[in-house]
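Here is what each chain is made of, one letter per residue.
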Amino acid sequence: MAQCQTLSKKLEENKAFFQKQFENAMDLIIRDIELSGRKAALFAIDGLINKETIALCVMEPLLKTTEYPKKPGEMLDYIERQVLSAAELKHENRLPKLLTLLMSGFVLLCIDGCDDGLVSGVQGFAYRGPQEPQNEVMQRGAKDGFTESNQLNMAMIRRRMKNPDLKFEMLEVGSQSHTPIVLCYLEGMASGKILRQVRETIQRCPLKTVLGAGYLTAFLDRGSVFSGVGLTERPDVVCGKLEEGRVALLVEGTPSVILMPFLFVENFQTLDDYLARPFYGTFIRWLKYIAFFLSAFLPGAYVAVIVHHPEMLPESLLIKIARTQAQTPFPVMFETLTLYFLYEVIREAGLRAPRSLSATVSIVGGLVLGDTAVAAGLVSAPSLLVVALTAIAGYAVPRLYEPLSLLRLAFLLIGNFLGIWGVMAALVFLLIDLCGSESFGVPLLSPVSPFKGRLVWRDVFFRAGWKRLSRWDAKVQDMPGSQDR
């Protein structure tokens with residue numbers, strides 16, 4: 001029985017198999033029953049099922065029925081068609097699949113003399129209800145966000161997109177955990193090539209267990225500085241991307257949904273941009289572009305100018321900076337780097353600390369340490385201002401915070417050793433890497449490179465009004481990734 005991959009006709013062998021698989025596991029439930037004198041058993045996992053549903057939709061109909069066909073196979077078919085009232089019923093005899101179903105909240109009915117099983121969906125585990133996403137706060141958008149349940153997540157997408165072309169395809173990943181994954185796309189809109197690449201990547205994934213969407217991004221991304229795979233907690237964002245021909249992956253147990261392909265310019269776009277008036281949406285978008293460059297290049301440019309090119313500064317500003325630097329014992333590079341690491345430590349402490357202490361950590365770090373360090377003459381006020389402005393600017397584009405942390409440090413070191421020309425050279429190499437990167441065959445910097453003027457001027461550098469956007473029905477056709485359907 002241990003080597004068999006299907007159910008046995010002997011009920012005792014089936015019971016022995018499941019008892020061995022869940023040995024020393026107290027959550028396995030086995031309920032022995034008799035149906036017209038023939039032995040049968042129900043198998044389920046405690047905590048994943050709704051016991052009231054089992055009692056009303058499974059146990060009660062089975063025990064109230066007095067006459068069953070004599071042959072075990074006919075008995076199982078009769079139970080499926082005329083006895084059980086559960087909404088989800090199907091036959092299954094493969095043992096690996098049955099184990100996965102049991103650990104997904106299904107109940108299994110086995111009858112002595114029959115090598116087939118009848119599984120019924122009676123899931124009853126607790127899950128968190130829809131709440132406002134904490135990482136994607138919107139001023140005017142919807143306040144519901146994804147949860148850890150794929151069924152609820154699919155319902156939130158379907159409620160917004162009442163389109164029969166919306167498809168949910170079930171996949172599995174993880175050689176041991178068999179984590180359910182839902183591939184979501186619009187048929188006729190999503191690229192067939194991208195769908196094939198996603199399916200093949202999931203099938204080749206060597207992970208044993210997948211506990212979050214971040215586990216899969218490393219296999220779906222090509223390893224550039226900027227990721228070609230996006231994460232979102234908002235159903236309205238997913239619906240908007242699906243309408244553009246994108247593909248989404250819903251991972252059971254995590255409220256973050258993976259979006260593919262994900263372009264670089266989309267890091268600066270939010271739903272609020274499209275809910276506000278066009279001129280204000282354009283203004284906010286340009287603020288984000290400026291904040292990105294400030295967060296990435298300001299520390300490096302500041303150190304480069306102070307160390308190598310002080311003649312670039314106005315005389316009055318140069319005198320003030322020189323006066324403050326003369327009062328500190330450390331060079332500008334060391335104090336800027338120290339302030340940067342202190343900021344990262346304070347941020348991590350405030351993020352990981354209990355909520356009752358996070359505000360205290362921020363206040364102590366921002367006021368006490370910063371003000372005391374300047375008053376004690378350990379760091380200069382201009383350096384503290386540059387680091388603080390850099391940190392605040394980084395929060396304007398939260399999706400790029402991880403690559404910005406690396407770029408900030410890299411440009412800081414380059415600016416200290418090579419000056420402003422080194423910073424410009426590093427910027428050129430960064431642009432080359434960005435222009436050469438792809439996400440599932442789609443250029444990451446599209447539609448800026450390769451340049452598509454109509455898209456660039458209406459939805460990248462500027463945000464056109466909805467009257468103007470609605471006149472362009474070819475938006476999806478022009479979007480990268482919509483070809484090769």
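Keep in mind the model is a prediction, meaning the values are calculated, not measured.

1. Observations regarding the overall build of the chain
Part 1: If you tally the helices and strands in the chain, you get 18 helices and 12 strands.
Part 2: For a compact globule of 485 residues, the expected C-alpha radius of gyration is about 23 Å, and the chain comes in at 29 Å, more than 25% above that figure.
Part 3: Each principal axis of the C-alpha atoms in the chain carries an extent, and together these give about 100 × 55 × 40 Å.
Part 4: Within the chain, the fraction of its 485 residues that count as buried is 46%.
Part 5: Summarising the internal contacts of the chain: among those between residues at least 6 apart in sequence, 65% fall at separations of at least 24.
Part 6: Carbon and sulfur atoms make up 60% of the accessible area of the chain, which totals about 24700 Å².
Part 7: Put simply, the chain has 51 plus and 49 minus side-chain charges, and the middle of one group is 5 Å from the middle of the other.

2. Observations concerning the sheet that holds strand β7 (residues 179–186)
Part 1: As summarised here, the arrangement of the five strands in space is β6-β7-β9-β10-β8, forming an open sheet in which the pairing is antiparallel. Edge positions in the sheet fall to β6 (166–173) and β8 (230–232), since each has one partner strand and no second. On average, adjacent strands in this sheet sit at an angle of 25° to one another, irrespective of strand direction.
Part 2: Pairing between β8 and strand β10 (residues 257–260): three bridges, direction antiparallel. Residue pairing across strands places Gly 230 opposite Leu 259, the latter belonging to β10.
Part 3: The strands touched by helix α6 (residues 192–204) are β6, β7, β9 (247–251) and β10; relative to β7, the strand with the most contacts, the crossing angle is about 175°.

3. Quick notes on the layout of surface pockets
Empty pockets left among the atoms are what a rolling probe the size of a water molecule brings to light.
Part 1: The computed volume of the second largest pocket comes to approximately 810 Å³.
Part 2: Taken together, 31 residues line the second largest pocket, and the ones lying closest to its centre are Ser 104, Phe 106, Met 170, Pro 180 and Glu 252.
Part 3: Looking at the lining of the second largest pocket, the element that brings in the most residues is β6, giving five residues.
Part 4: Each residue belonging to the lining of the second largest pocket can be placed in one class, and the counts come to 13 nonpolar, 12 polar and six charged.

4. Observations regarding the packing of helix α10 (residues 278–308) against helix α14 (residues 381–394)
Part 1: Remark: α10 packs on α14, axes separated minimally by 7 Å, with the N-to-C direction vectors making an angle of 155°. Relative to α14, α10 is oriented roughly antiparallel. For the pair α10 and α14, the sense of crossing is left-handed. The residues of α14 that touch α10, namely those facing Ala 291, Leu 294, Ser 295, Leu 298, Pro 299 and Tyr 302, are Pro 382, Ser 383, Val 386, Leu 389, Thr 390, Ala 393 and Gly 394.

5. Comments concerning empty space enclosed by the protein
Part 1: Overall, the coordinates contain three cavities of 30 Å³ or more when judged by the stated rule.
Part 2: When its volume is computed, the second largest cavity comes out at roughly 50 Å³.
Part 3: Forming the boundary of the second largest cavity are Pro 299, Thr 336, Tyr 340, Tyr 343, Val 387, Thr 390, Ala 391, Arg 408 and Leu 412.
Part 4: Looking at the lining of the second largest cavity, the elements that each hand over two or more residues are α12 (332–352), α14 and α15 (401–436).
Part 5: Split into classes, the residues belonging to the lining of the second largest cavity amount to six nonpolar, two polar and one charged.

6. Some words on the packing of aromatic side chains
Part 1: Under the counting rule described, the total for this entry stands at 19 aromatic pairs.
Part 2: With 5.7 Å between their ring centres and 90° between their planes, Phe 268 and Phe 292 make a pair best called edge-to-face. Remark: Phe 292 occurs in helix α10 and Phe 268 occurs in the loop between β10 and α9 (271–275); sequence separation between them is 24 residues.
Part 3: In this structure Phe 268 comes out as buried when scored by relative accessible area, which is 2%.
Part 4: Take Phe 292: its relative accessible area is 6%, and that puts it in the buried class.
Part 5: Its guanidinium or amino end placed over the ring of Tyr 401, Arg 408 lies 5.8 Å from that ring's centre, counting from NZ or CZ.

7. Description of the nonpolar core
Part 1: Counting residues in hydrophobic clusters, the biggest one holds 24 residues, and the most contacted among them are Phe 226, Phe 264, Phe 268, Phe 292, Leu 400 and Phe 411.
Part 2: Listing elements by their share of this core, those giving two or more residues are α10 and α15.
Part 3: Here the element with the most residues in this core is α15; it accounts for eight residues.
Part 4: If near-sequence neighbours (up to four positions away) are discounted, Phe 292 is found in contact with Phe 226, Phe 264, Phe 268, Val 397, Leu 400 and Leu 404.

8. Details of the packing of helix α5 (residues 150–160) against helix α8 (residues 235–243)
Part 1: The contact between α5 and α8 brings their axes to 9 Å, and the two run at 60°. Comparing the axis directions of α5 and α8 gives the class oblique. As α5 packs across α8, the resulting crossing turns out to be right-handed. Along its contact with α5, which presents Met 156, Ile 157 and Arg 160, the element α8 presents Pro 235, Asp 236, Val 238, Cys 239 and Leu 242.
Part 2: Each residue belonging to the contact of α5 with α8 can be placed in one class, and the counts come to six nonpolar, no polar and two charged.

9. Description of the sheet that holds strand β2 (residues 38–45)
Part 1: Ordered by their spatial adjacency, five strands build an open sheet running β1-β2-β4-β5-β3, and the pairing between neighbours is antiparallel. Each edge of the sheet is formed by a strand with only one pairing partner; in this case those strands are β1 (28–35) and β3 (89–92). Recorded for the sheet is a direction-independent mean angle of 25° between the axes of neighbouring strands.
Part 2: The pairing of strand β4 (residues 106–111) with strand β5 (residues 117–121) spans five bridges and is classified as antiparallel. Residue pairing for β5: Leu 108 is matched across the bridge by Val 119.
Part 3: Where helix α3 (residues 72–83) meets the sheet, it contacts β1, β2, β3, β4 and β5, and its direction lies at approximately 145° from that of β4.

10. Digging into the confidence of the model for the chain
Part 1: When the pLDDT values of the chain are averaged, the result is 85; 93% of them are 70 or greater.
Part 2: Mean pLDDT values for the elements of the chain range from 44 in helix α18 (residues 475–478) up to 94 in β9.
Part 3: The low-confidence segment residues 473–485 (pLDDT under 50) makes 37 contacts with residues lying over four places distant or belonging to another chain.

Reading the values: the criteria
Residues numbered from 1 in each chain as written. Predicted model: local features only at pLDDT ≥ 70, side-chain atom pairs only at ≥ 80, totals over all residues. Heavy atoms only, no water. Helix = DSSP H or I, 4+ residues; strand = E, 2+ residues; numbered from the N terminus. Rg over C-alpha atoms; globule rule 2.2 N^0.38 Å. Buried < 20%, exposed > 50% of the residue type's maximum accessible area, 1.4 Å probe, protein only. Contact = heavy atoms within 4.5 Å. Areas by Shrake-Rupley, 256 points an atom, 1.4 Å probe, with all protein chains shown as cover. Lys, Arg positive; Asp, Glu negative; His and termini not counted. Charge placed at Lys NZ, Arg CZ, Asp CG, Glu CD. Pairing = 2+ DSSP bridges. Axes fitted to C-alpha atoms, helices over the stretch in contact; angles between N-to-C directions. 1 Å grid on protein atoms, 1.4 Å probe; cavity = no way out; pocket = protein on both sides within 12 Å on 5 of 7 lines; lining within 4 Å. Points joined across faces, edges and corners; volume = space filled by probe spheres on them. Nonpolar A, V, L, I, M, F, W, Y, C, P; charged D, E, K, R; others polar. Parallel < 35°, antiparallel > 145°, perpendicular 65-115°, else oblique. Left-handed = near helix turned anticlockwise from the far one by under 90°. Phe/Tyr/Trp six-rings, centres within 6.5 Å; stacked < 30°, edge-to-face > 60°. Lys NZ or Arg CZ within 6 Å of the ring centre and 35° of its normal. Core = buried A, V, L, I, M, F, W, Y, C linked by side-chain atoms within 4.5 Å. pLDDT = per-residue confidence, 0-100.

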